[in-house]
Amino acid sequence: MTNKSGSGEMVRALDWRGAFWVAAGVPPLVLFSIGGIAGTTGKLAFLVWILSMIMGFLQSFTYAEMAGMFGNKSGGTSVYGATAWLRYSKLIAPLSVWCNWFAWSPVLSLGCAIAAGYILNALFPIPLAESQQVVDWVAANLASYTAETPAVVEYLAANAGSTAADAITAVATADGVNALTPWFRGYEAFNIAIPGLGTLHFNSTFIIGVALMLIILAIQHRGVAQTASAQKWLAIIVLVPLLLVGLVPILTGAINTMNVTNLLPPTAAYSGVDGEWNIGGWTLFLGGMYIAAWSTYGFETAVCYTRELKDPKTDTFRAIFYSGLLCAVFFFLIPFAFQGVLGQEGMLAAGIVDGTGVGEALGNMIGGGPVITQIFVILMIMALFLAIMTAMAGSSRTLYQGSRDGWLPKYLGEVNSHGAPHKAMWTDVAFNVILLALASDVAGYFYVLAISNVGYIMFNFLNLNAGWIHRIDSAHMERPWKAPTWLIGINTVLAFVNALFLGAGAKVWGYENALWSGLVFAAFIFPVFWYRHYIVDGGKFPKEAYDDLGLKEGDLGERKAGMLPYLALVAGAAVVLWANWFFVLPA
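Turning next to the overall build of the chain. A count of helical and extended segments in the chain gives 23 helices and two strands. Relative to the globule expectation of 25 Å for 587 residues, the C-alpha radius of gyration of the chain, 25 Å, shows essentially globular dimensions. Dimensions of the chain along its principal axes, counting C-alpha atoms only, are 85 × 55 × 50 Å. Going through the 587 residues of the chain one by one, you find that 58% of them count as buried. Taking as baseline every contact in the chain between residues at least 6 positions apart, the subset at least 24 positions apart corresponds to 80%. As displayed, the chain offers around 22100 Å² of accessible surface, 66% of which is attributable to carbon and sulfur atoms.

Below, the structure is given as structure tokens:
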């Protein structure tokens, strides 16, 4: 470890404020799924965000304790918690790290997909049907349509009661919109259908998204200090206006109380109609809690940079604690203000659900005109950049430390002259290029989100249990900050609550097999780890992996917790399977 660049090692260049600013990209994650959660949970949406944030904040205290124990590690709390499982199974430790990585890494592709949508709207807009240019086109071409035109005949068949004149106008207007839409907007070079996964679209969204990824990679290539500096200014520019969006409707009385009272789940996802608290309603609610966790728990990334902190003993707790407070403000205010102003109907608008209309909605919520609305559209793109940079910084360091500890391929454990894990970053980008092709339409977007969150909930389950395992097995290790024992106990219970969310909630997002697809992807770590550990390293872990635990090389120490960790795994699996069987979507 060094304080100077050019050493080939990570550089201790951050204090807790720097880590805080790098993690400041988490609050904008609320905008990734605010429409989707509103659609699946109806009037319960703002409550889902609040409850999920409270859970995330409580859980962070277990993570803060473990982060302080490993001042020489990078990669975040999944790495620190994975070491607790190492004594009990060589496979569980890398599984935790892998699940955390493939949960965080897709923020790159999902964020770039939304940002590309904003850029397409700005540079290659689809004209409105009532716009003057469309009206003029229709006037010039209307004479070429008759009641016998095939498209008109199809329209009449699909719209009983319509007159021929109405059908001709409607078809001509649709053709006018298509004719005046810029060619690049609908461009698609080709697509590839992959059974069991989806369709990869290599289209205009994909092209712009890849370009954005490479820009962010270039910024992070110069090390964590430059990343933190860029994040600081981006965060100030983005989060202050976003905070106003949450406060202004409340202070001006723009909240419609009918939108946030009489809290019932909807009759079905995206129905917009109040239902009841039956099994189907509870399933939708748990599905909302499942996907919200992907955003609200995310500030744990503040401790991904322990190896790069100047004083990890004091900075780790401060970084995660203050990041948690920042997220609480935004995850409480923004969903409440959105729902209070827009109501269910407004939250179900296509632009809110797919994320591309959120910027315009932000501007309208504070009563801004066209100029203010355009400013918020630009701010939305910057907010996405903020979230993507946070994700790349954290997920690449998870890959890096997984390599250093002997769990992931060896090449990932290298840094460049600035102390940045450049090979891990490039791996992140390559993986997300594939995901971006999948997420380049709305259906694929939520599929990626639902599957990646399978890994995130699994990681949280394993990590919350790692807290008490470390208390038993690693009592000898120094803890610069120690969580109250009662809170470790509460967080252990929350581990199983998360397992409930996983079993019940993964199916809510339109993909019955999302849980199983996520589990299959999680299992990919086993051949990866087997090759690294048994073929490359000859069945031994690197010396530094033992040093970090205060153990002799080759000795993983006594299993003082006995059978309890195994019982926790069995109980967790039972909760997931039971919840997946018991909770079903509304008919």
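Picking up after the structure, the text goes on.
Time to look at the packing of helix α2 (residues 30–41) against helix α13 (residues 312–347). It is at 11 Å that the axes of α2 and α13 come closest, and there the two elements cross at 40°. Compared by their axis directions, α2 and α13 come out oblique. In the packing of α2 onto α13, the handedness of the crossing is right-handed. Contacts between α2 and α13 involve Val30, Leu31, Ile34, Gly35 and Ala38 on the former and, on the latter, Phe331, Ile334, Pro335, Phe338 and Met347. Looking at the contact of α2 with α13 residue by residue, the classes come out as nine nonpolar, one polar and no charged.

Let's shift gears to the confidence of the model for the chain. When the pLDDT values of the chain are averaged, the result is 87; 97% of them are 70 or greater. Across the chain, helix α23 (residues 564–582) holds the top mean pLDDT of 97, while helix α22 (residues 543–548) sits lowest at 77.

A separate point is the side chain of Thr205. Considering the arrangement of structural elements, one finds Thr205 in helix α10 (residues 204–220). Overall, the relative accessible area of 12% leaves Thr205 in the buried class. Not counting chain neighbours up to four residues away, the residues in contact with Thr205 comprise Ala113, Ala116, Leu120 and Ser440.

The next thing to look at is the pattern of salt bridges. Enumeration according to the criterion identifies six salt bridges in this entry. The partner of Glu65 in a salt bridge is Arg471, and the shortest N-O contact between them spans 2.8 Å. Pair noted here: Glu65 is in helix α3 (residues 45–69) and Arg471 is in helix α18 (residues 442–473), with a separation of 406 residues, a long-range link. Accessibility assignment for this pair places Glu65 and Arg471 in one class, buried. Two residues, Glu478 and Lys313, come together in a salt bridge whose shortest N-O distance is 3.5 Å. Within this pair, whereas Glu478 is found in the loop between α18 and α19 (485–505), its partner Lys313 is found in helix α13, the two being separated by 165 residues in sequence.

Before going further, it helps to spend a moment on the nonpolar core. The biggest cluster of nonpolar side chains holds 184 residues, and the ones touching the most others in it are Phe32, Tyr290, Phe338 and Trp407. Here Phe32 is in contact with Val107, Leu110, Gly111, Ile114, Trp294, Leu384, Ala387 and Tyr445, once residues within four sequence places are set aside. Among the nonpolar cores identified, the runner-up in size contains nine residues, and Val138, Ile168, Ala172 and Val177 belong to it.

Our next topic: the packing of helix α8 (residues 150–158) against helix α9 (residues 164–180). Contact geometry for α8 and α9: axes closest at 9 Å, N-to-C directions at 120°. Crossing handedness for the pair α8 and α9: right-handed. Along its contact with α8, which presents Ala151, Val152, Tyr155 and Leu156, the element α9 presents Ala164, Ala167, Ile168, Ala170 and Val171. Partitioning the contact of α8 with α9 into residue classes produces nine nonpolar, no polar and no charged.

This paragraph deals with the environment of Ala328. Looking at where Ala328 falls in the secondary structure, it is placed in helix α13. Relative accessible area serves as the criterion here: at 16%, Ala328 is assigned to the buried category. Measuring from C-alpha to C-alpha, the distance between Ala328 and Gly369 comes to 29 Å, with 41 residues separating the pair along the chain.

At Asn262, a residue that is not glycine, the phi angle is positive and equals roughly 55°. On the basis of relative accessible area, Asn262 is assigned to the exposed category, the value being 51%. Positioned with a positive phi, Tyr270 is a non-glycine residue whose angle comes to about 65°. Looking at the secondary structure, you find Tyr270 in the loop between α11 (224–251) and α12 (279–296). Given a relative accessible area of 37%, Tyr270 falls into the partly exposed group.

Here we come to α12. The end-to-end C-alpha separation of α12 is 25 Å, in line with the 26 Å expected for 18 residues at 1.5 Å each. Of all 18 residues that make up α12, 16 are buried, and the element is covered over most of its length. The backbone nitrogen of Gly280 has a side-chain oxygen 3.3 Å away, supplied by the residue at the start of α12, namely Asn278.

As a further point, take the packing of aromatic side chains. Across all of its chains, the model carries 39 aromatic pairs by this definition. Their ring planes at 10° and their centres at 6.0 Å tell us that Phe70 and Tyr80 sit as a pair that is stacked. With Phe70 in the loop between α3 and α4 (77–85) and Tyr80 in helix α4, this residue pair connects regions lying 10 residues apart in the sequence. A relative accessible area of 2% means that Phe70 is categorised as buried. Feature note: the residues Trp16, Phe20, Trp21, Phe57, Phe61, Phe317, Phe321, Tyr322 and Trp481 constitute an aromatic cluster, connected by ring pairs. Stacked on the ring of Trp233, the Lys or Arg Lys232 has its end atom at 5.5 Å from the ring centre.

Relative to the elements of secondary structure, Asn159 occurs in the loop between α8 and α9. The spacing of Asn159 and Asp15 is 144 residues in sequence and 64 Å in space, taken between C-alpha atoms.

The rules behind each value
- Residues numbered from 1 in each chain as written.
- Predicted model: local features only at pLDDT ≥ 70, side-chain atom pairs only at ≥ 80, totals over all residues.
- Heavy atoms only, no water.
- Helix = DSSP H or I, 4+ residues; strand = E, 2+ residues; numbered from the N terminus.
- Rg over C-alpha atoms; globule rule 2.2 N^0.38 Å.
- Buried < 20%, exposed > 50% of the residue type's maximum accessible area, 1.4 Å probe, protein only.
- Contact = heavy atoms within 4.5 Å.
- Areas by Shrake-Rupley, 256 points an atom, 1.4 Å probe, with all protein chains shown as cover.
- Axes fitted to C-alpha atoms, helices over the stretch in contact; angles between N-to-C directions.
- Parallel < 35°, antiparallel > 145°, perpendicular 65-115°, else oblique.
- Left-handed = near helix turned anticlockwise from the far one by under 90°.
- Nonpolar A, V, L, I, M, F, W, Y, C, P; charged D, E, K, R; others polar.
- pLDDT = per-residue confidence, 0-100.
- Salt bridge = Lys/Arg side-chain N within 4 Å of Asp/Glu carboxyl O.
- Core = buried A, V, L, I, M, F, W, Y, C linked by side-chain atoms within 4.5 Å.
- Expected span 1.5 Å × (residues − 1).
- Polar contact = N/O pair within 3.5 Å; in protein donor to acceptor, adjacent residues only side chain to side chain.
- Phe/Tyr/Trp six-rings, centres within 6.5 Å; stacked < 30°, edge-to-face > 60°.
- Lys NZ or Arg CZ within 6 Å of the ring centre and 35° of its normal.

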